Amino acid sequence: MDKTAETTGVLSGAAATRTDGHEIKVAASNVSVFYGEKQALFDVTIDIPGRQVMAFIGPSGCGKSTFLRCINRMNDTIDICSVTGTIEIDGANIYDPKIDPVLLRARVGMVFQKPNPFPKSIYDNICYGPRIHGKARAGSEMDEIVEVSLKRAGLWNEVKDRLKEPGTGLSGGQQQRLCIARAIAVNPEVILMDEPCSALDPIATARIEELIDELRERYTIVIVTHSMQQAARVSQRAAFFHLGRLVEEGETDLIFTNPSDQRTQDYITGRFG
Amino acid sequence: MSATTLLAIVLALSLIGYLWGRANAGALKRAGQGMHSIPAYHGYFVALSCGVPAFLLVLIWLAAQNTIIDSIVLAGLPSYVTDGVESSRMSLIASEIKGIAGGRIFGTPDQALIDAAERYNALRGIASLGMAVCALALAIGGMIYARSRLSPEFRARNRVDNIIRWGLIVCSILAILTTLGIILSLVIESLAFFARVPVFSFLFGLEWSPQTPMRADQVAAAGAFGAVPVFWGTIFISAIAMFVALPVGLFSAIYLVEYANHRVRSVVKPLLEILAGIPTIVYGFFAILTVAPMIREFGISMGLSVASNSALAAGSVMGIMLIPFISSFADDAISAVPQSMRDGSYALGATKAETIRQVLLPAALPGIVGGVLLAVSRAIGETMIVVMAAGLTATLTANPLEGVTTVTVQIVTLLIGDTEFDSPKTLAAFGLGLVLFISTLALNIVALQVVKRYRERYE
């Protein structure tokens, strides 16, 4: 496993470069998560390269979503949850007390399992983020952000004539793309996706997977998925979690064709999980 | 035999009927018969057939007995006692007879009345014996009839279901009929009032002084029944109450749901609910003994003139009473917003306050509005606090330091003391009551509609 991030100076801010040419965007080392007394994640150390799709796979309850929620410090919103270890984004530790989690979350967007548009208009859903971060003034500047975000999320043509209608009135797949557009609107560097297609039908799923493939040109994407096929289709790298531990991580093709760990082999061939 | 003993016997008979029916069905079952219903239902069927008709008979008998005996006894009085006596005097005679029958004899009553009392006692004895015989006959008859119906194919299960269904229907009809009766009595008395005072001048008149002359030759005001100042008082005090209750209730709910940890919540929430359990008369004490003097002294120190029964005192204490009401509705509404909304907002880098203001409150708004409307309707109908703390004179003022009166206060004062139920002064209470009823009913309907529509959205 590549350990370059650990040797990189925390304060240098310079990201390490991998041999395959992709710079490391997120570097986690020895991350453990506790829910009260119970430990949910054990010493996870992983590098996530930029402008690629990294898939977290593993059986339910293996800690992959828990780890995902560490990357934007969403676990901070749960009272009993505590995190140890470091996660660096571009070489700066996001668990440093100087880091404001609120600002961090503007850099690390998130898309959830179930589409969760706010009960507001489509337009207001998109400009919620830019508005609270003061990224744009109301008016033409905001209109542009809304249009660009919706276009990047591949939703513009479907909703451009009904931006004032409530976002909750869209279909499930459209709602999920609205949520992606909402995350894009604050111009994040990393987008975390927690089983983004598990509540969608196959056609909407295909649409989102296509979108993920397009988005990796601009953003670093980490996706948690239960579907092996999905991981194989959208990701360049994959990490297999089991019982709160990172079992192995590597290029998706390698993980799926020639895993080095027996547990990975068993899981992807459907022997458990 | 007293009615209580009788009912106990009927109950015991039902129990016997249950055991009998069940034992019989059990025997059939053991004999290898295919049964439609399990033995317990056969038992229930016999028990209900035995108990329910007898119980109803006793109730009806008790209700009718007194009227019938009274009229028989009074009809049997010699003509020199009854001739030319009004009906109100007649009921006095009836109660005198009952008094003699019960052994409470004052002075030397007329021999005719003593005879009547004896007849009364005799009739009562016959009636109670008759009731016992009829009820027991009905109970035993019902039991035997039900027992004779039992057979392996008998659908005891469905029969019992039917009987229970009818029991439930009767209960709900009783509740509805009672409500209708209350409305009807209110409407009838109000119509009597509006026959004396025109509706228009009642609803839009600006002067309220319901003192009418008691005697025809008395020198007194003619009485003015313009209810606008009274309605205004209610609206004004309710508005002050909501001004206190809304922010405090809403913000405490937000704190409890979004900020407080589990420990704080488990202490504070029950405390708020204690506030809801305080009887309104205690709030009244608080208003009149603590808040009103405080406001008065503060006002005087500022050089303001403050009425001792200021609208501010009554309204603010009523507001305190409504805090738990609003807080619990807002709590429910905010808790009902799915966690995914909060997550979505936090994941975009919103702070807690931004999330609450821009996502949670808009999403919870219909529920909160529903709770507020219900609170307003409680404020309008609230009586005890304002009777104790608000004024009696109907003034049309927007100054919270002056005293105003409310609809409920006026109703109470109009109906207290020696009253005759055909003067406009007394009947005005019913007019006010009708308006109060209609407005709170409308508010409740709107509020429940709003709450209902809100619930449909997330379920």
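Small disclaimer: the values here were computed from a predicted structure and weren't measured.

S.K.: What is the right way to read the overall build of chain B from this model?
M.R.: Scanning chain B for helices and strands turns up 16 helices and two strands. In terms of overall dimensions, chain B is more spread out than a globule: its C-alpha atoms have a radius of gyration of 32 Å, far above the 23 Å expected for 459 residues. With respect to the principal axes defined by its C-alpha atoms, chain B has extents near 80 × 80 × 40 Å. When each of the 459 residues of chain B is scored for burial, the buried share is 41%. For chain B, the accessible surface area stands at approximately 24,400 Å², while carbon and sulfur atoms represent 68% of it. Put simply, chain B has 29 plus and 26 minus side-chain charges, and the middle of one group is 15 Å from the middle of the other.

S.K.: For this particular structure, what's the right way to read the sheet that holds strand β1 (residues 24-35) of chain A?
M.R.: Hydrogen bonds along the backbone pair up the strands of a sheet, which may run parallel or antiparallel. All names here are of chain A. An order of β2-β1-β4-β5 is seen for the four strands of this open sheet, with the pairing classed as antiparallel. Both edges of this open sheet fall to β2 (38-49) and β5 (92-93), since each of them pairs with a single strand only. Where β1 lies against strand β4 (residues 81-89), eight bridges are found, and the strand directions are antiparallel. Bridge pairing in β4 places Y35 opposite C81. On top of the sheet, helix α2 (residues 64-71) reaches β1, β2 and β4; it is set at about 120 degrees to β1, its chief contact.

S.K.: Explain unusual backbone geometry to me, please; I cannot follow it from the model alone.
M.R.: With the exception of glycine, the majority of residues adopt a negative phi angle, and the majority of peptide bonds are in the trans configuration. Residue and element names in this part refer to chain A. Even without being a glycine, N30 presents a positive backbone phi close to 50 degrees. In this structure, N30 sits in strand β1. For N30, a relative accessible area of 41% gives the class partly exposed.

S.K.: Teacher, can you tell me more about a nonpolar patch on the surface here?
M.R.: Residues and elements named next belong to chain B. Together, V52, F55, L56, L59 and I60 line one region of the surface with nonpolar side chains, adding up to about 450 Å² of accessible area. In this structure, L56 sits in helix α2 (residues 39-75). By relative accessible area, L56 is classed as partly exposed at 45%.

S.K.: Please clarify how the interface of chain B and chain A should be interpreted in this entry.
M.R.: You'll often see interface size given as the accessible area lost when the parts meet. At the interface, 19 residues of chain B touch 23 residues of chain A. Where chain B meets chain A, there are zero salt bridges. Inspection of the region where chain B meets chain A yields five residue pairs in polar contact (both at pLDDT 80 or more). Listing elements by their share of the side of chain B that touches chain A, those giving two or more residues are α12 (339-347), α13 (352-381) and α16 (424-458) of chain B. The element best represented in the side of chain B that touches chain A is α12 of chain B, accounting for seven residues.

S.K.: Where do I start with the domain arrangement of chain B in this structure?
M.R.: When the domains of chain B are assigned, the result is domain 1 (3-154) and domain 2 (224-458). Placing the centre of domain 1 of chain B and that of domain 2 of chain B at their C-alpha centroids yields a distance of 50 Å.

What counts and how
Residues numbered from 1 in each chain as written. Chains lettered and ligands numbered in written order. Predicted model: local features only at pLDDT ≥ 70, side-chain atom pairs only at ≥ 80, totals over all residues. Heavy atoms only, no water. Helix = DSSP H or I, 4+ residues; strand = E, 2+ residues; numbered from the N terminus. Rg over C-alpha atoms; globule rule 2.2 N^0.38 Å. Buried < 20%, exposed > 50% of the residue type's maximum accessible area, 1.4 Å probe, protein only. Areas by Shrake-Rupley, 256 points an atom, 1.4 Å probe, with all protein chains shown as cover. Lys, Arg positive; Asp, Glu negative; His and termini not counted. Charge placed at Lys NZ, Arg CZ, Asp CG, Glu CD. Pairing = 2+ DSSP bridges. Contact = heavy atoms within 4.5 Å. Axes fitted to C-alpha atoms, helices over the stretch in contact; angles between N-to-C directions. Patch = residues over 30% accessible without salt bridge, like charges linked within 9 Å, V, L, I, M, F, W, Y side chains within 5 Å. Salt bridge = Lys/Arg side-chain N within 4 Å of Asp/Glu carboxyl O. Polar contact = N/O pair within 3.5 Å; in protein donor to acceptor, adjacent residues only side chain to side chain. Domains from an automatic or database assignment.

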